[in-house]
Amino acid sequence: MSSSRPIMLRSAARSHVGAVRRNNQDSGYAGPNFLLIADGMGGHAGGDVASAITVARLADLDADDHDHDASEALRTAILDANERITNSVAEKPELAGMGTTVTAVLCAGSKLALAHIGDSRGYLLRDGELDIATHDHTFVQMLVDEGRITAEEAEQHPQRSVVMRVLGDVGAAPELDMSIREARIGDRWMLCSDGLTGFADIDEIKHALATIDDPGACCERLIDMALDGGGADNITVVIGDVVEADDEGLSRGGESVGSVRDNPQFALLGQKDTPTELIDTGQFDTIAVEDTDTHPLDIVDRPDAGDPAGPEAAGAATGTGAAAAGAGAAAGAGAATASGAGEGTQAGAARDGATREIAAGQDWGEEDEHPRRRPVLGIVITIAVLGALVLASIVGYSFIRSQYYVAAETGKVAVYRGIAQKLGPLELSELDETTDVAVDDLSPYSQRRIEQTIPASSRADADKLVENLREEAAQNNAKRIAAEASDNSSDPAPPPESAAPAGDAPEDGAPEDSPAADTGG
């Protein structure tokens, strides 16, 4: 039975860089009204930037009272974050191609608004049963939905990491999955990046969620499980328990983890009339080695966790506003144009100043001791970035050229090479072959599939699809011919004309040479 009482979330968030990666491209947030996970696109420059921009923008939702307009407020904030990401690319072209997943839960009176895009996941534990509440926007999930592969095969598919829909610089408006969900006191929601689900068994995840009461401790246990499973990706877990709202709980701030905490200056990117020249977005520059050695979990706003900067510094990245923390770091770097940071400005600078200076290779507050090294370093970085972009373009082009799909062309089944998408005005596919199979000879179901296009991972797979459709068309034609023959044979034969017996005279008025008078000899 759903609760009609106002609700809140007893929540926690944790993030870990993993056992292999050097920087954390995940960002997360947990507050009394709002849960959020954002996984920056792996392998793309700026994934950590995209996720941090997104969480910094959306964390503001935790402070507002959303009821009937929660879904629209969530959608608007996500679209604004998308705009900030694209603005950042315009300001810093080296970030081209960056993107992030988004999975978010926002309290709406006695219900929850859920938004989702990408392959991060949202799970609901209710009455001991764990159900997935989101749908992966991946290539292999599309194959599963079409019945071409099983869910078990999808877990080992070589293209399981190909995400079809994300937020960011991808040349198209984001297609969000939006819904309003029932909220029950006692429900437990978990949002996570694929660094958890890709390396931990789902049954063990369910057991931890069902048996570890404290959300923070449960997050930490789940991250340990992913690390034990290899930890080859960033791992971020956000947990929120649905409880009855109370003033004390609602007054508590939220906590930010991952890139948005490590790089609060990213919160300033993409905003109008905000200088960005001093904002460092180097892919690995903002993560010091000691960050992963001495602080394996990103724990914010928990004085008992032993945060070296103390509770005041930790509060800079919490529900008081990620933008305030970002302004604090930028102020410490010399960008004094941001306003409204208040005490969070000093706290943010105190927390992140030392690490940022060491990572960037210079003290922003002192004169550069090696002025001649900077141009050379800049050239090297530029060449490296251009090389990476060229390599990414080659890899992307090769991937597209290796894909096929089956669609309709002038009433016939046709094979196309590429993917059935556009990148601005650019078509990402070309006609490879028009077959002799007529679309009209297929079943209505197959015609709908053809209309929506049927993807194939190789030309051989495309040929198999065409052969299956050809057999279906032949069977349909054979059935139609048999049905027509059956209809003709069941028609009643016309009654024979009466003939006079041989030797009898014709009826009155019948001519001598009429059939009735013909005796046959």
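What counts, and where the lines are drawn
Residues numbered from 1 in each chain as written. Predicted model: local features only at pLDDT ≥ 70, side-chain atom pairs only at ≥ 80, totals over all residues. Heavy atoms only, no water. Pairing = 2+ DSSP bridges. Helix = DSSP H or I, 4+ residues; strand = E, 2+ residues; numbered from the N terminus. Axes fitted to C-alpha atoms, helices over the stretch in contact; angles between N-to-C directions. Contact = heavy atoms within 4.5 Å. Buried < 20%, exposed > 50% of the residue type's maximum accessible area, 1.4 Å probe, protein only. Arc of directions from axis to C-beta. Polar contact = N/O pair within 3.5 Å; in protein donor to acceptor, adjacent residues only side chain to side chain. Salt bridge = Lys/Arg side-chain N within 4 Å of Asp/Glu carboxyl O. Core = buried A, V, L, I, M, F, W, Y, C linked by side-chain atoms within 4.5 Å. Patch = residues over 30% accessible without salt bridge, like charges linked within 9 Å, V, L, I, M, F, W, Y side chains within 5 Å. Areas by Shrake-Rupley, 256 points an atom, 1.4 Å probe, with all protein chains shown as cover. Lys, Arg positive; Asp, Glu negative; His and termini not counted. Charge placed at Lys NZ, Arg CZ, Asp CG, Glu CD. Parallel < 35°, antiparallel > 145°, perpendicular 65-115°, else oblique. Left-handed = near helix turned anticlockwise from the far one by under 90°. Phe/Tyr/Trp six-rings, centres within 6.5 Å; stacked < 30°, edge-to-face > 60°. pLDDT = per-residue confidence, 0-100.

The protein goes by PP2C family protein-serine/threonine phosphatase in an unreviewed UniProt entry, where it is assigned to Brevibacterium otitidis.

As a further point, take the sheet that holds strand S7 (residues 121–126). One open sheet accounts for 5 strands, arranged S1-S12-S11-S7-S8; its pairing is antiparallel. Every other strand in the sheet has two partners, leaving strand S1 (7–16) and strand S8 (129–132) as the edge strands with one partner each. Each strand of the sheet is rotated relative to its neighbour by a mean of 20°, with strand direction disregarded. Examined bridge by bridge, S1 and strand S12 (residues 235–244) share 10 bridges and lie antiparallel to one another. Residue pairing for S12: Ile7 is matched across the bridge by Glu244. Where helix H7 (residues 215–228) meets the sheet, its contacts fall on S1, strand S11 (188–192) and S12, and the angle it forms with S1 comes to roughly 35°.

A separate point is helix H6 (residues 202–211). Within H6, the full set of buried residues consists of Ile205, Ala208 and Leu209. Mapping the buried residues of H6 onto a view down its axis gives an arc of 95°, with all of them on the same face. Among the exposed residues of H6, those pointing more than 90 degrees away from its buried face are Asp203 and His207. Residues of H6 that are buried make contact with S7, S8, S11, helix H5 (194–197), H7 and S12. With a side-chain oxygen positioned 3.0 Å from the backbone nitrogen of Asp203, the residue opening H6 is Asp201.

Let's shift gears to the side chain of Thr100. The residue Thr100 is located in strand S4 (residues 99–100) in this model. Classification of Thr100 as buried rests on a relative accessible area of 0%. Here the side chain of Thr100 touches Asp39 through a polar contact of 3.3 Å, landing on its backbone oxygen.

Attention now moves to the pairing of S12. The element S12 is largely enclosed, with a buried count of 8 among its 10 residues. Pairing of S11 with S12, which is carried by 5 bridges, proceeds in the antiparallel orientation. The residue of S12 that forms the bridge with Met190 is Ile239.

Once that is clear, we can look at the pattern of salt bridges. Counted by the stated rule, this structure contains 21 salt bridges. A salt bridge links Arg459 to Glu433; the shortest N-O distance between them is 2.3 Å. Of the two residues, Arg459 is situated in helix H16 (residues 459–489) and Glu433 in strand S16 (residues 426–438); the sequence distance between them amounts to 26 residues. By relative accessible area, which is 22% here, Arg459 ends up partly exposed.

If you walk across this open sheet you meet the 6 strands as S10-S6-S5-S3-S2-S13, and the pairing is antiparallel. Every other strand in the sheet has two partners, leaving strand S10 (177–182) and strand S13 (255–258) as the edge strands with one partner each. Going from strand to strand, the sheet's axes swing by 15° on average, the running direction of each strand aside. Relative to S10, strand S6 (residues 111–117) is paired through 6 bridges, and the arrangement is antiparallel. Note on S10: the bridge partner recorded for His116 is Asp177.

Right, let's get into the nonpolar core. Grouped together as the largest cluster of nonpolar side chains are 36 residues, with contacts concentrated most on Phe34, Leu36, Leu58, Leu61, Leu74, Ile78 and Met98. By residue number, the principal contributor to this core is helix H2 (residues 70–91), which donates 8 residues. Discounting residues that sit within four places of it in the chain, Leu36 has contacts with Ser27, Gly28, Tyr29, Thr54, Val55, Leu58, Val102, Thr103, Ala104, Leu191 and Val238.

On the surface, a cluster of negative charge is made up of Asp201, Asp203, Glu204, Asp224 and Asp228. The set of elements that each furnish at least two residues to the negative patch consists of H6 and H7. As for its position among the elements, Asp203 is in helix H6.

In the contact formed by helix H1 (residues 47–58) and H2, the axes pass within 9 Å of each other and the chain directions differ by 140°. Here H2 runs oblique to H1, going by the angle between their axes. Remark: the crossing between H1 and H2 carries right-handed chirality. Contacts between H1 and H2 pair Ala50, Ile53, Thr54, Arg57 and Leu58 from the former with Ala77, Ile78, Asp80, Ala81, Arg84, Ile85 and Ser88 from the latter.

Further remarks concern the packing of aromatic side chains. A complete count under the given rule lists 2 aromatic pairs for this structure. With a centroid separation of 6.1 Å and 40° between ring planes, the pair formed by Tyr29 and Phe34 is classed as tilted. Ring centres of Tyr405 and Tyr416 lie 5.1 Å apart, and the angle between their planes is 5°; on these two criteria the pair is classed as stacked. Here Tyr405 is found in strand S14 (residues 404–409), whereas its partner Tyr416 is found in strand S15 (residues 412–423), with 11 residues between them in sequence. Per residue, the accessibility class of Tyr405 equals that of Tyr416, and both read buried.

Attention shifts here to unusual backbone geometry. At Asp127, a residue that is not glycine, the phi angle is positive and equals roughly 55°. Relative to the elements of secondary structure, Asp127 occurs in the loop between S7 and S8. Even without being glycine, Thr410 reaches a positive phi, approximately 50°. Take Thr410: its relative accessible area is 70%, and that puts it in the exposed class.

Below, the discussion takes up the environment of Gln159. Here Gln159 shows up in the loop between helix H4 (151–155) and strand S9 (167–168). Taking the C-alpha atoms as reference points, Gln159 and Val140, separated by 19 residues in sequence, lie 6.8 Å from one another. Ignoring sequence-local partners within four residues, the contact set of Gln159 consists of Phe139, Val140, Phe399, Gln403 and Ser457.

On to the confidence of the model for the protein, then. Considering every residue of the protein, the mean pLDDT works out to 76; 70% of them sit at 70 or more. Long-range and interchain partners of residues 283–374, a stretch whose pLDDT sits below 50, account for 135 contacts in this model, where long-range means more than four residues apart. Segment residues 498–521: pLDDT under 50, and 6 contacts once partners within four positions in sequence are set aside and those in other chains are kept.

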